[in-house]
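Spelled out, the chains give:
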Amino acid sequence: TLKLASSLDGRIATKTGDSRWITGPMSRRAVHLMRAQHDAILVGRNTVAQDDPDLTVRDMGLSHRSPVRVVLDSGLNLPATGRLANSATQIPLWICHSEHAKTTEKWHQIGAIPLACTPDPQGRIDINNVLATLAERGITRLFVEGGGQVAASLLRAGAVDQLALFTAGVAIGSDGLANLASLGTDALADAPRFTRKSVTPLGPDVLSIWTPSQ
């Protein structure tokens, strides 16, 4: 499941990086319920660096259902600090990195599990290899929360089975950060298409669920 939470014009932050909060409390509560229904949460290193998330399940009495936290960090450049690192011994933290990364020792020391993955031709982690690596470790339901580069890589790979789009009634403008990085699409006929399955009001926001069009 790929989760996108954005403004009416598809932005996830202002030009200064301000992103808390675009969507409201009811949407955030729905996200926590979705987290509890998956085996793992996946984010990119930029999301961790910018937001310092903990990626747990809070409220609703489901804290025991917090899934594995997975971070994509090809060079293992993130410092082993912050909320994820501080809770690595309580809630599993896996770091997917390039097989060419220099050292994994700092992550082992805090209780995280580094996972070596194959790089793509651009030097980034190959998303298909990431998915295969996670599947080998028993992950069958993956909840992807960001950011734009990670979301775009999954769409380019045709790996999204369900898209959960949270839309807030706010406009940010073209100088804001888009919810998707470039897909490299030249012709509209080649763009990924989805079929709407449901629309649910969540206070001032709207949650729409989409699946790939056949």
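Conventions adopted
- Residues numbered from 1 in each chain as written.
- Predicted model: local features only at pLDDT ≥ 70, side-chain atom pairs only at ≥ 80, totals over all residues.
- Heavy atoms only, no water.
- Helix = DSSP H or I, 4+ residues; strand = E, 2+ residues; numbered from the N terminus.
- Rg over C-alpha atoms; globule rule 2.2 N^0.38 Å.
- Buried < 20%, exposed > 50% of the residue type's maximum accessible area, 1.4 Å probe, protein only.
- Contact = heavy atoms within 4.5 Å.
- Areas by Shrake-Rupley, 256 points an atom, 1.4 Å probe, with all protein chains shown as cover.
- Lys, Arg positive; Asp, Glu negative; His and termini not counted.
- Charge placed at Lys NZ, Arg CZ, Asp CG, Glu CD.
- Phe/Tyr/Trp six-rings, centres within 6.5 Å; stacked < 30°, edge-to-face > 60°.
- Lys NZ or Arg CZ within 6 Å of the ring centre and 35° of its normal.
- Arc of directions from axis to C-beta.
- Polar contact = N/O pair within 3.5 Å; in protein donor to acceptor, adjacent residues only side chain to side chain.
- Core = buried A, V, L, I, M, F, W, Y, C linked by side-chain atoms within 4.5 Å.

### Quick notes on the overall build of the protein
- In terms of helices and strands, the protein carries six helices and eleven strands.
- Computed over its C-alpha atoms, the radius of gyration of the protein comes to 17 Å, within 12% of the 17 Å expected for a compact globule of 214 residues.
- With the principal axes as the frame, the protein shows a C-alpha extent of 45 × 45 × 35 Å.
- Taking all 214 residues of the protein together, 44% fall into the buried category.
- If you take every contact in the protein between residues at least 6 apart in sequence, the share linking residues at least 24 apart comes to 68%.
- When the accessible area of the protein is evaluated, it comes to approximately 11100 Å², of which 50% is carbon and sulfur surface.
- With 21 positive and 19 negative side-chain charges, the protein shows a separation of 4 Å between the mean positions of the two kinds.

### Re the packing of aromatic side chains
- Tallied over the full model, the rule gives zero aromatic pairs.
- The cationic tip of R28 hangs over the ring face of W21; the distance from NZ or CZ to the ring centre is 4.3 Å.
- The ring centre of W94 lies 4.7 Å from the NZ or CZ of R137, which sits over that ring.

### What to know about the side chain of R35
- Tracing the chain through its elements places R35 in helix α1 (residues 25-36).
- Beyond its immediate sequence surroundings of up to four residues, R35 is in contact with I41, L55, T56, V57, R58, R65, P67, F143 and E145.

### Examining the side chain of T23
- With respect to the element layout, T23 can be found in the loop between β2 (11-13) and α1.
- Once you skip the residues sitting within four places of it in the chain, T23 turns out to touch A5, R28, F166, A168 and D205.

### Here we look at helix α5 (residues 127-136)
- Those residues of α5 that sit buried are I127, V130, T133 and L134. Summarising the axial view, the buried residues of α5 lie within an arc of 115°, below the 170-degree limit, and thus occupy one face.
- In this fold, the buried residues of α5 make contact with β4 (68-72), β5 (93-98), β6 (113-117), β7 (142-146) and α6 (148-156).
- The N-capping residue of α5, defined by a side-chain oxygen 3.2 Å from the backbone nitrogen of N128, is D126.
- Once α5 ends, the next one or two residues include G138, with phi positive near 95°.

### Digging into the nonpolar core
- Counting residues in hydrophobic clusters, the biggest one holds 25 residues, and the most contacted among them are L2, V70, L72, C96, V130 and L134.
- Take this core: its biggest share by element is four residues, from α6.
- Contact partners of L72, with chain neighbours within four places excluded, come to L42, V43, G44, R45, C96, I125, I127, V130 and V150.
- In this structure, V48, L55, V71 and A101 belong to the second largest nonpolar core, which totals 14 residues.

### A look at α6
- Summarising burial for α6: seven of the nine residues are buried, a large majority.
- Along α6, the residues that are buried comprise G148, V150, A151, A152, S153, L154 and L155.
- Considering only its buried residues, α6 is in contact with β1 (2-6), β3 (40-44), β4, α5, β7 and β10 (194-202).
- Once α6 ends, the next one or two residues include G158, with phi positive near 65°.

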